[in-house]
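Residue-level listing of the chains:
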Amino acid sequence: MKRLVSCPQDCPDACRLVVTVEGGRVTAVTGDPDHPLTRGFACAKTARYPERLYLEDRPLYPLRRVGGKGEGRFARVSWDEALDAIAERLKAILDAYGGEAVLRYNYAGTMGLVQGRRPLVFFRAIGASELDETICSATGEAAWAAIYGPQKLGVDPEDVPKARTVVLWGINALSTNTHLVPLLQEARRNGARIVSVDVYQNRTARFADRFYRIRPGTDVALALALARIFFQEGGADLGYLARHVEGWEAFRAAARPWTPERAAEATGLSPAAIRELAEALRTGAPQLFRVGYGMTRHPGGGRAMMAVLALPVVLGAWRREGGGALLSTSGGFRLNKARLEGLYLWKDPRPRGYLRPNPNARHVNQIQLGRALTELADPPVKALFVFNANPAATAPNAGLVRRGLAREDLLTVVLENAMSDTALYADFLLPATHPLEHADLYTSYGHYWLSWSEPAAAPPGEARPNTWIFAELARRLGLDLPELAMDPEAVARELLDTGHPFLLGIDLDRLKREGSVKLDLPRPFLPYAEGRPDGTKLRLAGIEPLLPEPDPEHPFVLLTPPAHHFLNTSFGGVAALRAAEGGEPRVLLHPEDAVRLGVADGGYVRLENRRGAIRRRVRVSAATQPGVVVHEQTWRGLDAPDGLPANVLTPDDPTDLGEGSSFNGARVRVVPA
Ligand SMILES: Nc1nc2c(c(=O)[nH]1)N[C@H]1C(S)=C(S)[C@@H](COP(=O)(O)OP(=O)(O)OC[C@H]3O[C@@H](n4cnc5c(=O)[nH]c(N)nc54)[C@H](O)[C@@H]3O)O[C@H]1N2
Ligand SMILES: Nc1nc2c(c(=O)[nH]1)N[C@H]1C(S)=C(S)[C@@H](COP(=O)(O)OP(=O)(O)OC[C@H]3O[C@@H](n4cnc5c(=O)[nH]c(N)nc54)[C@H](O)[C@@H]3O)O[C@H]1N2
Ligand SMILES: [Mo]
């Protein structure tokens, strides 16, 4: 039997997949040939769902810890035993410490709105600490908002074939946005020139017609130098700037000192290469800037992104189809989220039993989970619920996260459909359904199609959806939260009940019939051709670059970008994908550094800084640059030879904008080991 479903992964492609099901189990996966973005192919990861869904160590029954924290030794218990015990501990914590002693840690393990977002109702009901979800896109979002306003309405990818210059700036699209590739190829056939601006020569750099390899964290210098050329030598669309943009004079003034020579010194490019890129851009309209978040994961990442996002504004690129910037399309999905995450509970904060909504609950930045678990007082965090995430591997300063998770007095509950580093620390490990086993509604951050997905396969063992688990806990706390018990269709209907014109004519019945429906965007879709969509002007401003400083004690930059065969740690359990990534995590080291350090290809090094140390095999490769080690991500710690994820080395300091993550700001020493 074949079923058509939505891919739930945290990925811009948000594919439609054709799943073969035999005896209630998924046995094969391909892409929907009729979907204009999926185009009939599944990626290297989702093609492995038949293995991924049924990994031998998938938790199938509620489990209670019997070993030490982190050992992953569990005993099977019934759902009632697990839920009763959790509810009792939770009541005691709420009585003694109040709601803020409870913390959720969740992210986008599923992009489904029901199983991804609805559980927040439970935490808002008990007045838990608020989690600021900053790990991925917060800095980019803030940079976008500063210029374009709060809605991210990137160029429609279906217009990519109309672009004549495509800059893939800090995005490894061939690995992380693979369904953009056919559209890039179409653009190329139409005469477009495709360039990549990145720190190392990844698959995308090899695909591009021209690759500009810059030093990490120096995008701001390159972007300002390009802007200077556009203003001084032509390319700047002065009519557009005058009519639709404010603050552009300040931006022009900030760009003025950035001669190609000065930017060359900062970026490591030659002045001629910078002039060449400027020339390609100013003569190659429509210009599309497909930007990734990699450049934002640096201490000065907010400014870098702002400077890059200013370029299509200066060029007036937004006036033509195919021109502009694409960071995200998420702003198109104007669903009715009034009830989705329980924020309405804050309107009536009177305590009633354990219902204690707290609009002033303290905020915890998720990139500082380790600090929250080890430093917060008044109250300390006494209960942690993890779902749709694996912070023991994916959060920065993961060593500190693990020290927090090892606390004997912390109640840790993990909802999972696979074994994860975090699950090893659980006091209660609860078996969750996989998104191919439950219904959900999906948006996308890489295109403008909304989709509905029915369960394709039967949940194995006693796996239950996240919302069922939180509804059961709520019931045991005496909370009346019908939102958690609503079936997914009812949640979807509530979300679709919006008067926004983009959603005109899209209801659940149509979604169920068609599976995936494109938003009703105006045609041509030129969201910023005349300023911001709300009628105000776009905003540029002066930018004071924050460039990386040398750190003599830690001479290497450690870059940890996504790996081709992984999706964060979600596919880490699949042996074939680990094998495709080389069998164990490796770091790319430039040949000059290898000689200097006396390390051979295939040898091991220790990477260390004040946060911790990891041991890794070396691949000597000119794809990286001197002074930069590249560790493609994200390996589960439990698959690394030393049991540790690369994130034991990454900083938990927020960037300059949006309190976002600065993974790529990590500095390390490298020593043969
Ligand atoms: N195969 C695969 N696909 C994925 C994921 C995955 O893990 N694997 N993860 C998914 C998720 S959650 C996300 S957020 C997206 C992310 O997808 P991307 O946006 O592609 O990934 P980034 O982490 O933003 O890193 C992109 C590129 O930025 C580069 N980079 C790092 N620092 C700098 C810099 O200072 N300047 C410049 N110009 N480039 C720099 C890195 O070398 C990398 O090639 O991908 C999604 N898709
Ligand atoms: N060093 C470094 N670290 C990074 C990054 C980097 O570039 N460098 N990238 C960062 C980025 S962009 C992101 S988005 C984060 C992602 O980090 P995480 O959000 O931790 O992502 P995953 O590791 O994929 O973990 C998601 C988990 O959710 C589980 N899951 C899937 N569906 C369901 C479900 O329906 N219910 C439940 N209960 N669980 C489910 C999966 O089995 C998986 O274990 O990682 C960040 N970490
Ligand atoms: Mo992400």
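Here the structure is a predicted model, which is why all the values come from computation and not from measurement. Starting afresh in each chain, residues are numbered from 1 along the sequence in its written order. Chain labels run from A onward and ligand labels from 1 onward, assigned in the order the entries are written. Predicted model: local features are reported for residues with pLDDT of at least 70 only, side-chain atom pairs are reported and counted for 80 or more only, and whole-chain, interface and lining totals are derived from all residues. Side-chain measures here rest on the full set of heavy atoms in the structure, leaving out hydrogens and waters.

Another aspect to go through is the overall build of the chain. Under the scheme used here, helices are H or I runs from DSSP no shorter than 4 residues and strands are E runs no shorter than 2 residues, and both carry numbers assigned from the N terminus. Check the secondary structure of the chain and you find 23 helices and 27 strands. For the radius of gyration, the atoms used are the C-alpha atoms, and the globule rule reads 2.2 Å times the number of residues raised to 0.38. Whereas a compact globule of 673 residues would reach a radius of gyration of roughly 26 Å, the chain reaches 25 Å, a difference of no more than 12%. With respect to the three principal axes, the spread of C-alpha positions in the chain is 70 × 65 × 50 Å. For the chain, with 673 residues in total, the buried portion stands at 63%. Per-residue accessibility, obtained with a 1.4 Å probe over protein chains only, is compared with the maximum for each type, and a residue is labelled buried under 20%, exposed over 50%, and partly exposed between these values.

On to the domain arrangement of the chain. Where interface size is given, it is often the accessible area lost as the parts come together that is meant. Where each domain starts and ends follows an automatic or database-derived domain assignment. Assigned domains of the chain: these are domain 1 (138-327 + 527-539) and domain 2 (556-672). Computed over C-alpha atoms, the centres of domain 1 and domain 2 are 28 Å apart. Whether two residues are in contact is decided by their heavy atoms, any of which lying within 4.5 Å being enough. If you look at the interface, domain 1 gives 25 residues, while domain 2 gives 24 residues. Buried surface at the junction of domain 1 and domain 2, summed over both partners, amounts to about 1,900 Å²; 56% is from carbon and sulfur atoms. In short, buried area is how much 1.4 Å probe accessible area vanishes from two parts on joining, totalled over both.

Time to look at the site of ligand 2. Working definition: residue near molecule or strand if any one of its non-hydrogen atoms lies within 4 Å of it. Taken together, 27 residues lie around ligand 2, and Asn390, Glu416, Thr569, Ser570 and Asn647 are the ones closest in. A 3.5 Å cut-off defines polar contacts: any pair of N or O atoms within that distance qualifies, except that in protein one atom must be a possible hydrogen donor and the other a possible acceptor, and neighbouring residues in sequence count only when both atoms are side-chain atoms. The contact in question runs from a nitrogen atom of ligand 2 to an N or O atom on the side chain of Asn388, over 3.0 Å. A distance of 2.7 Å separates a nitrogen atom of ligand 2 from a polar side-chain atom of Asn647. To measure how exposed things are, a 1.4 Å probe is used in the Shrake-Rupley method; for residues, cover is taken only from the protein chains shown. Its free accessible area being 920 Å², ligand 2 has 96% of it covered by the protein chains. Residue classes in the shell around ligand 2 are distributed as 8 nonpolar, 15 polar and 4 charged. Residues were grouped as follows: Ala, Val, Leu, Ile, Met, Phe, Trp, Tyr, Cys and Pro as nonpolar; Asp, Glu, Lys and Arg as charged; and all remaining residues, including Gly, as polar.

With that settled, consider the sheet that holds strand β22 (residues 556-559). Any two strands are treated as partners once DSSP identifies two or more bridges connecting them. Taken in spatial order, the 6 strands close into a barrel running β22-β26-β23-β25-β24-β27, and their pairing is mixed. Across this sheet, the average inter-strand angle for adjacent strands is 45 degrees, counted without regard to direction. Relative to strand β27 (residues 666-672), strand β24 (residues 604-609) runs antiparallel, the two being bridged by 4 bridges. Its bridge partner being in β27, Val605 is matched across the sheet by Pro672. To obtain an axis, a line is fitted to C-alpha atoms, over the contacting stretch when the element is a helix, and the angle between two such axes runs from 0 to 180 degrees between their N-to-C directions.

With that out of the way, let us pick up the side chain of Asp10. Inspection of the secondary structure assignment puts Asp10 in the loop between β1 (2-6) and β2 (16-22). Of note is the side chain of Asp10, whose polar atom sits 2.7 Å from the side chain of Tyr445.

Taken together, 34 residues surround ligand 1, and among them Thr176, Asp198, Asp219, Gly294 and Phe566 come closest. The side chain of Thr176 places a nitrogen or oxygen atom 2.7 Å from an oxygen atom of ligand 1. The side chain of Asp198 places a nitrogen or oxygen atom 2.6 Å from an oxygen atom of ligand 1. When contributions to the shell around ligand 1 are tallied by element, the ones reaching two or more residues are α6 (173-176) and β9 (193-198). Partitioning the shell around ligand 1 into residue classes produces 17 nonpolar, 12 polar and 5 charged. Three or more residues apiece are contributed to the shell around ligand 1 by two domains, here domain 1 (138-327 + 527-539) and domain 2 (556-672).

On to unusual backbone geometry, then. The peptide bond linking Ala285 to Pro286 adopts the cis configuration, its omega dihedral lying at -10 degrees. Checked against the element boundaries, Pro286 lands in the loop between α13 (271-283) and β12 (287-291). With an omega dihedral of -5 degrees, the bond running from Asp378 to Pro379 counts as a cis peptide bond. By secondary structure assignment, the location of Pro379 is in the loop between α15 (369-375) and β15 (383-387). Within the secondary structure, Asp378 is located in the loop between α15 and β15. Since its relative accessible area comes to 74%, Asp378 is described here as exposed. Unlike most non-glycine residues, Glu659 shows phi in positive territory, near 60 degrees. Note that Glu659 resides in the loop between β26 (628-631) and β27. On the basis of relative accessible area, Glu659 is assigned to the partly exposed category, the value being 46%.

We now examine the pattern of salt bridges. The term salt bridge refers to a side-chain nitrogen of Lys or Arg lying within 4 Å of a carboxyl oxygen of Asp or Glu. Taken as a whole, this structure holds 53 salt bridges when the rule is applied. Here Glu158 and Lys518 are joined by a salt bridge, their closest N and O atoms 3.0 Å apart. With Glu158 in the loop between α5 (138-148) and β8 (165-169) and Lys518 in strand β20 (residues 516-518), this pair connects stretches of sequence that are 360 residues apart. The closest approach of N and O atoms between Glu472 and Arg475, which form a salt bridge, is 2.7 Å. With Glu472 and Arg475 both in helix α18 (residues 466-476), this residue pair falls 3 residues apart, about one helical turn. Members of the salt-bridge network, linked through shared partners, are Asp156, Glu158, Asp159, Lys162, Glu321, Lys518 and Arg523.

This part takes up the environment of Arg118. Tracing the sequence through the fold places Arg118 in the loop between α3 (113-117) and α4 (120-125). Residue classification places Arg118 among the buried positions, given a relative accessible area of 1%. Here the alpha-carbon distance between Arg118 and Glu483, two residues 365 residues apart in the chain, equals 7.7 Å. Setting aside its immediate chain neighbours within four residues, Arg118 contacts Leu113, Arg339, Leu340, Thr467, Glu483, Leu484, Met486, Val491 and Glu494.

The element β12 is largely enclosed, with a buried count of 5 among its 5 residues. Here β12 shows a buried face lined by Gln287, Phe289 and Val291 and a second buried face lined by Leu288 and Arg290. In the sheet, β8 pairs with β12 via 5 bridges, with the strands oriented parallel. Following the sheet pairing, Val166 is matched in β12 by Leu288. Relative to strand β13 (residues 324-326), β12 runs parallel, the two sharing 3 bridges. Within β13, the residue paired with Arg290 across the bridge is Leu326. With respect to chirality, the unit in which β12 leads through helix α14 (residues 301-314) into the neighbouring parallel β13 is right-handed. A right-handed crossover is one whose linking path, passing over the helix from the first strand to the second, runs clockwise when the strands point away from the viewer.

A few words on the sheet that holds strand β5 (residues 74-76). Read from one edge to the other, the open sheet built from 6 strands follows the order β5-β4-β17-β16-β15-β6, with strand pairing classed as mixed. For this open sheet the edge positions go to β5 and β6 (102-106), each flanked by a neighbour on one side alone. Strand after strand, the sheet turns through a mean of 20 degrees between neighbouring axes, direction not considered. Two elements, strand β4 (residues 63-65) and strand β17 (residues 428-431), share 2 bridges in a ladder whose sense is antiparallel. Among the inter-strand pairings, Arg64 is bridged to a residue of β17, identified as Phe428.

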